[in-house]
Amino acid sequence: MTAMKAMLLAAGLALLPLAQAVAAPVELEITHVTRSEEPPIPFSFLEPVPEEEGRQGARLGLADDNASGRFTGQTYALREITLPAEGALADSSELAAALAGPRLVVADLSRADLDALLALPASADDIVINARVTDDDLRREACRTNLFHTALSRAMRADALAQYLVAMGWRQWFLVVGPSGDDRAFAAAVRASAARFGARIAEDKPWTYEVGNRRTDSGVTNAREEIRPLTRVGDYDVLIVADEADDFGEYLPYRTALPRPVAGTHGLVPTGWSRANEQWGATQLQRRFEKQAGRPMTARDYANWLALRALGEAATRAASADVPALRAALLAPDFGVAGFKGAPLSFRRWDRQMRQPVLLTTVRSLVSVAPEDGFLHRVTPLDTLGDDEPESPCKARG
């Protein structure tokens, strides 16, 4: 093995045919947009606070792009734009200047900010990669020709969980749904997955309680006394919780009236990335990220890293910084990114969602990886997760 191949493999980068590896020099600037936000308060003091979440993943992706670019004559730069905590996205003069002309944009933004970005006339000819928002309608009725997704959709996460539970023979589900719109959206995805894979929602209840102070004895007692009556229902195989805000889901395990496993947003969790993943060379990615950021890589970091890597791979294949050429490369049938998940990752032409395996993890263990064995597809089993082409309502198809 040559020194060049050894270095590319060590970085987890795809090996291209020699004709592509000697592509003409390309200089590519990628704009990364996020907003200044207070880091979320961790549920426990045992958890590190994920400072610069998302942005750190993009920076590692840039480093990996430039590592491969050393052999292909390509250089990459990251223009980081952090919007202030307050104020409309459209009022940012820095962002307006950055979007002059067709650009490559990685959006680590909330749904409201992403909608505002896409509404800017200057973004119409850009490639915008959504590395954060999981909303299914962005892959369906609200999809756009220029909007790609490296963040998992809720449908993909719910389908991954459903496949595992059905494979285990756990088909009777008790669904507990939090009060937020995001909680209800994940619950809707779970219900759709149950119907899709032959499971049944045996019980369906909203969470209506206020849990006491989680760090006092009274808070723990309060949680137990609220959860036992809530979960005193008919028999079921697994309790699925929809609590994307992380308000109450962590209290459910070991406090239910029946001794049943918990899954969903807590317990057994379907996710794009986890520190528990050590397979397919993932350990070296985990270590490189921790050396850079001083903390573990999160799913949000991974989606941002993946966005940078996808653009770098597209530039190598297209041998161009031209946005239309890069868009064509991203949607090409043979496009693939090495993502430390055991399979090449690529974009679906019908909704621009990156198809990828979904990890099913607990805090310290990788339990399984979807798609599960036995769930077949005429093209790739990865398309059993999320909207397949015949069922996709997206009209902005490639």
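Residues numbered from 1 in each chain as written. Predicted model: local features only at pLDDT ≥ 70, side-chain atom pairs only at ≥ 80, totals over all residues. Heavy atoms only, no water.

Caption draft 1: Structural context of helix α5 (residues 111-119). Taken residue by residue, α5 has D113, L114, L117 and L118 as its buried positions. The arc enclosing the buried residues of α5, seen along the axis, measures out at 135°, which places them on a common side. Exposed side chains of α5 directed beyond 90 degrees from the buried face belong to A112 and A119. Where α5 is buried, its residues touch β1 (26-35), α4 (93-98), β3 (104-108), β4 (127-130) and β5 (147-149). (Buried < 20%, exposed > 50% of the residue type's maximum accessible area, 1.4 Å probe, protein only. Helix = DSSP H or I, 4+ residues; strand = E, 2+ residues; numbered from the N terminus. Arc of directions from axis to C-beta. Contact = heavy atoms within 4.5 Å.)

Caption draft 2: Seen up close, the environment of Q279. On the secondary structure map, Q279 appears in the loop between β10 (269-271) and α9 (282-293). On a C-alpha basis, the gap between Q279 and G342 in space is 7.9 Å, while along the polypeptide they are 63 residues apart. Look past the residues within four positions of Q279 in its chain and what remains in contact with it is F340 and L366.

Caption draft 3: Structural detail: the sheet that holds strand β15 (residues 366-370). Pairing within the open sheet is antiparallel, and its 3 strands lie in the order β10-β14-β15. Single-partner strands in this sheet number two, and they are β10 and β15. Ignoring which end each strand starts from, the neighbouring axes of this sheet average 25° apart. Judged from the 3 bridges that link them, β10 and strand β14 (residues 358-361) form a sheet pairing that is antiparallel. Among the inter-strand pairings, T271 is bridged to a residue of β14, identified as L359. Helix α6 (residues 154-167) contacts β10, β14 and β15 of the sheet and is inclined by roughly 60° relative to β14. (Pairing = 2+ DSSP bridges. Axes fitted to C-alpha atoms, helices over the stretch in contact; angles between N-to-C directions.)

Caption draft 4: Quick look at the state of the cysteines. Taken as a whole and assessed by the stated rule, the structure comprises 1 disulfide. Here C143 pairs with C394 through a disulfide, and the sulfurs are 2.0 Å apart. In this structure, the disulfide formed by C143 and C394 twists by about 100° around the S-S bond and is classed as right-handed. One end of the pair, C143, is in the loop between β4 and β5; the other, C394, is in the segment after β15, and 251 residues separate them in sequence. Look at C143 and you get buried, because its relative accessible area is 12%. (Disulfide = S-S within 2.5 Å.)

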